[in-house]
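Examination of the molecular architecture
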Amino acid sequence: MSEVKLFGAWFSPYVKRVEMALNLKGVEYEYIEEDLKNKSPLFLQYNPITKLVPVLVHNGKPIFESTVILEYIDETWEGPSIFPKDPYDRAMSRFWAKFVEDKCSDPLWKACWAAGEEREKAKKEAEEALKILENEIKGKKFFGGDNIGLVDYVANYIAFWIPLLQDVVGFHILTQDKFPNIWKWCYELCNDSFVKKNLPEKEKVSSGLKRAVETGSLY
Amino acid sequence: MEKSNKGVQLVGFWVSPFVHRVKWGMKLKGIEFEYIEEDVFNRSPLLSQINPVTGKVPVLVHDGNPLPESSIILEYLDEVWSHAPLLPLDAYQRAQARFWATFADQKVFESAWLSVCSKGEIQEKAVKDAIGHLERMEEQQGGRRFFGGDTIGHVDLMMGFVAYMLPVWEEVAAVTILDASKFPNLAAWKSNFVDHPAIKGDLPFKDEMFTYFQGRREVHLQRI
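The model shown is predicted, which means the values in this text are computed figures rather than measured ones. (Residues numbered from 1 in each chain as written. Chains lettered and ligands numbered in written order. Predicted model: local features only at pLDDT ≥ 70, side-chain atom pairs only at ≥ 80, totals over all residues. Heavy atoms only, no water.)

**Overview of the domain arrangement of chain B**
Residues and elements named next belong to chain B. Inclusion rule: Those domain boundaries reflect an automatic or database domain assignment. Any two residues whose heavy atoms approach within 4.5 Å are treated as being in contact. Buried area adds together the accessible area that both of two parts lose upon being put together, with accessible area traced by a 1.4 Å probe. A pairing counts as a salt bridge when a side-chain nitrogen of Lys or Arg comes within 4 Å of a carboxyl oxygen of Asp or Glu.
With domains assigned, chain B is organised as domain 1 (8–80) and domain 2 (91–223). Put simply, the middle of domain 1 and the middle of domain 2, counted by C-alpha atoms, are 21 Å apart. Listed by partner, the interface residues are 16 residues for domain 1 and 22 residues for domain 2. When domain 1 packs against domain 2, close to 1800 Å² is buried across both sides, 69% of that on carbon and sulfur atoms. For the pair domain 1 and domain 2, the number of links is four salt bridges.

Following this line, the structure appears as structure tokens:
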């Protein structure tokens, strides 16, 4: 009988992707909401290194970093796969997941929060990366093919959080006009019956983002 | 993926630590490969063809299928050639190795490289950050022969640049990041790493690295 705990924050895309993976595998776990402004001693004991959520604790042993956790979940529990079986396809999934995180999500996020030259620089970076991603999703329902895969998990940020943030700050980079294939994928992902159950409430996230814009603090 | 028996090629650049990692990974596993040197400042059509997304080296080409990104290549090598594993066999240990491998790249490497590319306050902060990250790695190293235990593993290869390239960067940038007296575990590990039969004699020449990085520092400082 294994004991699984997940330390998270309700609004975090990194946490949601881990929850989605655990739910995909039907793993029973205890969810612990962590107040990121006032981290608990237990949480800091499990993750003194990055002090960030998500942290998965399996039989008392902590694992952090969402993509590392996703690999661990896929290796440890039976059920539908997150990663492809073929080594080359698996490696390419890892490549695209890294590309999404480093080249797309990061600059998109930065562009929304920054101003002036910094915003323009981040916008340019994001647009160049999104052009490549637009091509990659062409003709596919999900990045994983007919079913969601690793890249869809990691790109949850772009599908759900970025459109909400863009609306809140009034600065739009990812639009249906410029990136119709990605836009279609965003719709497919957010309306997939399984994914839908693993996303926070839109209004709650929007309010949280509005508050963050007003106060200048994310938490 | 189509199997076409075209063997293994590694496209690289002589001084790239990302390329070195993959080369050594293949040597440790006894994988035969053809090395193709690429001038990254004057990219050939080959590189644009096999890595149209980032255009960077290393790129592994296996049976005609290209794969970029050193850490991803190393995992792929382990899955296709499963003898002499680089990653631990236990899932939890593997998760730990993946975390520290990313830490080596995103924290140690980035901060150390920034100290080469900057000066003044930015450089001071980069050095301070690099030392802080090394403190984590020192703890993690724990006095074992290698991060992988008795044999070189995935984390050793990802941290490898610290053993032979960081000293050159420190000289070029006139900074001290890895003070042996403050990092005894890492200092001992450095010697174990560069003395390993797969690594020794397959390192770029120190003076060539110095000239190259001195040039890169000048270019970066002009951009500031």
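Next, the rest of the story.
**A word on the packing of helix α8 (residues 166–173) of chain B against helix α10 (residues 206–223) of chain B**
All names here are of chain B. Formally: Convention adopted: a line fitted to C-alpha atoms gives each axis, helices being fitted over their contacting stretch, and angles between N-to-C directions are expressed from 0 to 180 degrees. A helix here means a DSSP run of H or I that spans at least four residues, while a strand means a run of E at least two residues long, and both kinds are numbered starting from the N terminus. Any angle that is under 35 degrees is reported as roughly parallel, and any over 145 degrees as roughly antiparallel; angles of 65 to 115 degrees are reported as roughly perpendicular and all others as oblique. We call a crossing left-handed when the near helix sits turned anticlockwise from the far one by less than a right angle, and right-handed when that turn is clockwise.
In the contact formed by α8 and α10, the axes pass within 9 Å of each other and the chain directions differ by 50 degrees. Between α8 and α10, the interaxial angle falls into the category oblique. The handedness of the crossing between α8 and α10 comes out as right-handed. Residues Val168, Trp169, Glu171, Val172 and Ala173 of α8 pack against Lys206, Met209, Phe210, Phe213, Gln214 and Arg217 of α10.

**Quick word on the UniProt feature "domain: GST N-terminal" (unreviewed entry) in chain B**
Worth spelling out the cut-off: UniProt positions are given in the numbering used here, feature names are shortened, and annotations may be inferred rather than shown by experiment.
Within this structure's numbering, the places UniProt gives as "domain: GST N-terminal" (unreviewed entry) are residues 6–85 of chain B. With 36% helix and 21% strand, residues 6–85 of chain B has its two end C-alpha atoms placed 24 Å apart.

**Some words on the interface of chain A and chain B**
Under the convention used in this document: We call two N or O atoms a polar contact when they sit within 3.5 Å, provided that within protein one can donate a hydrogen and the other can accept it, with sequence-adjacent residues counted only if both atoms are side-chain atoms. When residues are sorted by character, Ala, Val, Leu, Ile, Met, Phe, Trp, Tyr, Cys and Pro go into the nonpolar class, Asp, Glu, Lys and Arg into the charged class, and all the rest, Gly among them, into the polar class.
Taken together, the contact between chain A and chain B spans 27 residues of the former and 24 residues of the latter. Summing both sides of the interface, chain A and chain B together bury roughly 2400 Å²; the carbon and sulfur share of this comes to 67%. By the criterion of area lost to chain B, the three top residues of chain A are Ile49, Tyr88 and Phe95 of chain A, representing 27% of everything that side buries. Inspection of the chain A/chain B interface yields seven salt bridges. For Arg98 of chain B, the salt bridge identified is with Glu75 of chain A, shortest N-O distance 3.1 Å. In this structure, the connection of chain A to chain B is made through 11 residue pairs in polar contact (both at pLDDT 80 or more). Those elements that provide at least two residues to the side of chain A that touches chain B are β4 (61–64), α3 (66–76) and α4 (87–113) of chain A. Among the elements that make up the side of chain A that touches chain B, the one with the highest residue count is α4 of chain A (11 residues). Residue classes in the side of chain A that touches chain B are distributed as 15 nonpolar, two polar and 10 charged.

**Quick look at the UniProt feature "domain: GST C-terminal" (unreviewed entry) in chain B**
Mapped onto this numbering, the UniProt entry gives "domain: GST C-terminal" (unreviewed entry) at residues 90–213 of chain B. End C-alpha to end C-alpha, residues 90–213 of chain B measures 39 Å, and it is 70% helix and 0% strand.

**A closer look at the pairing of strand β4 (residues 65–68) of chain B**
Residues and elements named next belong to chain B. So the rule is basically this: If DSSP finds at least two bridges between two strands, the strands pair.
For strand β3 (residues 59–62) and β4, the ladder comprises four bridges, and the chain directions are antiparallel. Pairing of Val59 across the sheet is with Pro68, part of β4. Hairpin connection, β3 to β4: the antiparallel pair is bridged by two residues, and Asp63 has positive phi, about 50 degrees.

**Thoughts on the environment of Glu208 of chain B**
All names here are of chain B. Put simply, the test is: When accessible area is computed with a 1.4 Å probe and restricted to protein chains, residues below 20% of their type maximum are described as buried, those above 50% as exposed, and intermediate ones as partly exposed.
Residue placement: Glu208 occurs in helix α10. Taking relative accessible area as the criterion, Glu208 reaches 41% and is therefore assigned partly exposed. When the C-alpha atoms of Glu208 and Val168 are compared, they prove to be 10.0 Å apart, with 40 residues separating the residues in sequence.

**Some details on the packing of aromatic side chains**
All names here are of chain A. As a reminder of what qualifies: Only Phe, Tyr and Trp rings are paired, with Trp represented by its six-membered ring, and only when their centres lie within 6.5 Å; those with planes under 30 degrees apart are stacked, over 60 edge-to-face, the remainder tilted.
If you walk through the whole model with that rule in mind, you get 33 aromatic pairs over all chains. Arranged with centres 5.6 Å apart and planes meeting at 55 degrees, the rings of Phe7 and Tyr46 form a pair that is tilted. Here the residue Phe7 occupies a position in strand β1 (residues 4–8), and Tyr46 occupies one in helix α2 (residues 41–46), the gap between them amounting to 39 residues. Just as Phe7 is buried, Tyr46 falls in that class too.

**Quick look at the environment of Arg119 of chain A**
Residues and elements named next belong to chain A. Tracing the backbone shows Arg119 in helix α5 (residues 116–137). What makes Arg119 buried here is its relative accessible area of 17%. In this structure, the C-alpha to C-alpha distance between Arg119 and Trp109, residues 10 residues apart in sequence, is 9.9 Å. Other than its neighbours up to four places away in sequence, Arg119 contacts Ala111, Cys112, Ala114, Val169 and Phe171.

**So, the environment of Leu70 of chain A**
Residue and element names in this part refer to chain A. With respect to the secondary-structure elements, Leu70 resides in helix α3. Leu70 gets classed as buried once you look at its relative accessible area, which sits at 0%. When sequence neighbours within four positions are dropped, the list of residues in contact with Leu70 reads Arg17, Val18, Ala21, Ile82, Phe83, Leu150, Tyr153 and Val154.

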